[in-house]
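Single-letter residue listing:
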Amino acid sequence: MNETLPHAGTDGPAVGRPIDRVDGPAKTTGAAVFAAEVPYPNLAYATLVPATVSRGRITAIDSAAATAVPGVITVLTHENAPDLKPPQPFSPFNFATFAPGTQVNYLKTDEIFWDGQPVALVVAETLEAAREAAALVQVTYEELPAAVDFAVEEGNAKPQKANMVLPSSAKKGDAEAAFAASPVKVDLRFTNPPHNHNAIEPHATTAVWEGDRLTVHDSTQGIDWLRTHLALRFDIPPANVRVRSTFVGGGFGGKSVVWAGTILTALAARAIDRPVRMMLTREAVYHTVGARAASTQRVALGADNNGKLTSLIHTTVSRTGRVGGLPEGLTSPSRHLYATPTMLLQQNLVEMDLIPPAPMRTPSEGIGSFALESAVDELAYRVGMDPIQFRMLNEPETNPVDGKAFSRRLLREAYELGAEMFDWRERTPEPGSMRDGRWLVGMGVATAFHPAQQMAANVTVRLSVDGGVLVRCAFQEMGVGAATVQAQIAADALGVPFDSVRVEYGDSDLPSSAAAIGSVQTATVAGSLLAGCDKLKKRLRGLARRYGTTGQAFTETLARAGLPSVEVAIGSDTRVGKMTGQVKFFTRFLRDQRRWMKAAYGAHFCEVRVDRDTGEVRVARWTGVFDFGRVINTKTATSQLRGGIIAGIGMAMGEETLVDPRNGRIMNPSLAEYHLPVQADIPQIDIACLDEPDPTMPMGLIGIGEVGPTGVAAAIANAVHHATGKRIHDLPITLDKLL
Ligand code: MOS
């Protein structure tokens, strides 16, 4: 089934310890096999041919020269591609419809919806032949006028449709009137450019057909979605699709839904009846994988003379694609962070002829927090208050948008501890007042926030007579330590040593789990795993009574009973089982939604240094204090939060996808021209976790996948303002904006 992984650790309670990742040795020694490395005999290699117009129709396609390249097996186009069913249209009530990244039926249409859409696929004996041939495919287009310039199109935005999982507006009192009457106010406009995914492992698929059974090894964040979706597209039962994804080299949302590369690799394998592999080039990731869209945000805040908020207005404009795309909830932080008597939130969207946007490194709060937390800093400055003091004065007792109770909220404590760790008291409030030689020194803070959810997962837990515990669940491991923390949870729940627990994951033949998105995975799997461990213990106690052993002597009980092992299951993957699971999930989801506001919180503290002559900004120091319930593994948790902060620094300081406003083509689709932070850009990052269990979540834990990057760009912008007196409203914060 799955690789058996060695487990490190010592005896004693496992939860809370900094246990090394169980997959660490396999990865550091090269033994870990990724989707593009699985060996198959007779393997062929595929390469995509991208459209070179943003909107139009293919009038002719000539693959003669490409087919003539030695080693080329076939060139698939809309004229000869095998059957492929279209994706289902999006519905918030059917999770399977979240799976497709776009609504395009790739290679089954002559219509073009964005520059870079795959128009052909070359399959060859070698990667080199496929690449050479791909460049020789001649495509002629009838080009149509395309909406590709966000600066022009944002004026055409319409109110975003809300759904059960993504609200798009909120209203409390008359926020505009309260704003107009406020003695102190700010009314600011913020922008961010588009961003692109750059996981260390580009999207990769190896696809193999045996009759009408399909196996794909894929770098996916959502094994079950991918399996169901492939079954639908290739018109076979889900049971005929096996998705294997033992290791994923980073996802960040880019691998959460299904993109052209995966579907077309499976299509090619069917066309030539051989195993086919495709690993996207960096450029092809930009072409075929959606990411963060550009947006414009207005935040208008009013306060009384004592610094109490009177009005909060947050309106946003972003885009989708003509063929789909999940919009962000940019006003999300404004719903939850500040006590305010009046509130007006509205998200707006415009459809454009660009690749549909998709989740990327904390959609919603990642960018929404930049606008809100920058505006709050500016308002504190105008009121004449310390920004932390201002936040604490406006800290709500209940959830601002709807008055729901917080399940737990230790933001105050986070700021208190962070201020201590960071020596915030050393800061002199006046902008430009702190210097170190040629450097202007600035210190800024901002709040981190991400709502918590829990989806549904099926698991089995087995105890063997030799004392070994086996946990099976088809969750995804993107490098964050998912298998490690679940082994810790199982070990403590059963009272067995960490070393005795083995976790199988990453394979659709295992009990199904939710996609690793929205910071839900750890709590989702833990919820079912804890239920499984309880069920197992109950079974063992029953056996113990019957065979006269004590409740904790598990292995002795099994030996006396003559059983090699006992296994229990939570949930089931039969048709009825899956439906029951979905109903159970919705019931709990709705009940939870009504009762609690649950989230991860944090306080970011940042010091920047700005060169007074060149405007160069260096992030010099960072402290992040987080409140995310119980800490399962201090090493993997702090590592993930550090990574999140680094992602936020990238967004704040350098990342920017440049779209040619004339033709919608991405001008910098490579790591040479798209500026991610490197080691030299990253300072010491100190992380502290408050470790206070959330009473409403499994084991008291809240997911931490996405809270790290929220607030980071604002903390930097606020520190830059403190250093220079200049407030940067437009990301990224590059030196030209400071001169
Ligand atoms: Mo995420 S950005 O929900 O993988």
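Residue positions are given per chain, counted from 1 along the sequence in the order it is written. Since the coordinates come from a predicted model, pLDDT governs what is reported: local features require at least 70, and pairs of side-chain atoms require 80 or more to be given and counted, while whole-chain, interface and lining totals use all residues. As a rule here, side-chain values come from all non-hydrogen atoms in the structure, and water together with hydrogens is ignored.

**Regarding the environment of His722**
Then, in step 1: As for its placement among the helices and strands, His722 is situated in helix H18 (residues 712-724).
Then, in step 2: Of the residues examined, His722 reaches a relative accessible area of 2% and is grouped as buried.
Then, in step 3: Residues His722 and Gly432 lie 290 residues apart in sequence; the distance between their C-alpha atoms is 6.2 Å.
Then, in step 4: N or O atoms closer than or at 3.5 Å make up a polar contact, with two conditions inside protein: a donor-capable atom paired with an acceptor-capable one, and, for residues adjacent in sequence, both atoms drawn from side chains. Within the structure, His722 has its side chain in polar contact with the backbone oxygen of Thr428 (distance 2.7 Å). By definition, any uninterrupted DSSP run of H or I lasting at least four residues is a helix, any uninterrupted run of E lasting at least two residues is a strand, and each is numbered from the N terminus. Relative accessibility thresholds used throughout: buried, under 20% of the residue-type maximum; exposed, over 50%; partly exposed, between the two (1.4 Å probe, protein chains only).

**Notes on helix H3 (residues 127-134)**
Then, in step 1: Within H3, the full set of buried residues consists of Ala129, Ala130, Ala133 and Ala134. What you see down the axis of H3 is that its buried residues fit within an arc of 130°, all on one side.
Then, in step 2: On its buried face, H3 sits against strand S1 (44-50), helix H2 (64-67), strand S3 (72-77) and strand S5 (118-124). To be clear, the arc concerns the directions from the helix axis to the C-beta atoms. The criterion used for residue contact is that any of the two residues' heavy atoms lie within 4.5 Å.

**Here we look at the packing of aromatic side chains**
Then, in step 1: Put simply, two rings from Phe, Tyr or Trp (the six-membered ring, in Trp's case) pair if the centres are within 6.5 Å, and we call them stacked under 30 degrees between planes, edge-to-face over 60, tilted for the rest. All chains considered together, the criterion is met by 13 aromatic pairs.
Then, in step 2: Both rings, one in Phe34 and one in Phe247, keep their centres 5.7 Å apart while their planes meet at 40°; by these two values the pair is tilted. A residue pair is termed long-range when its members are at least 10 positions apart, and Phe34 in the loop between helix H1 (24-28) and S1 and Phe247 in the loop between strand S12 (241-244) and helix H7 (260-272) qualify at 213 residues.
Then, in step 3: Seen from their ring centres, Trp209 and Phe234 are 5.4 Å apart, and the 70° between their planes marks the pair as edge-to-face. Pair noted here: Trp209 is in strand S10 (residues 204-210) and Phe234 is in helix H6 (residues 223-234), with a separation of 25 residues, a long-range link. In terms of burial, Trp209 and Phe234 fall into one category: buried.
Then, in step 4: Here a set of aromatic residues connected by ring pairs shows up, and it is made of Tyr415, Phe422, Trp424 and Phe605.
Then, in step 5: If you follow Lys185 out to its NZ or CZ, it ends over the ring of Phe179, 5.0 Å from the centre.
Then, in step 6: A ring is scored as having a charge over it whenever the NZ atom of a lysine or the CZ atom of an arginine sits within 6 Å of its centre and within 35 degrees of its normal. One residue, Arg409, lies across the ring of Phe406, its end atom 4.6 Å from the ring centre.

**Some points on the pairing of strand S2 (residues 56-62)**
Then, in step 1: The pairing of S2 with strand S4 (residues 111-112) spans 2 bridges and is classified as antiparallel. From the neighbouring strand, Gly56 faces S4, where its bridge partner is Ile112.
Then, in step 2: Inspection of the sheet shows S2 paired to strand S6 (residues 138-143) by 6 bridges, in the antiparallel sense. Across the sheet, Arg57 pairs through a bridge with Glu142, a residue of S6. Paired strands, in this sense, are two strands between which DSSP finds at least two bridges.

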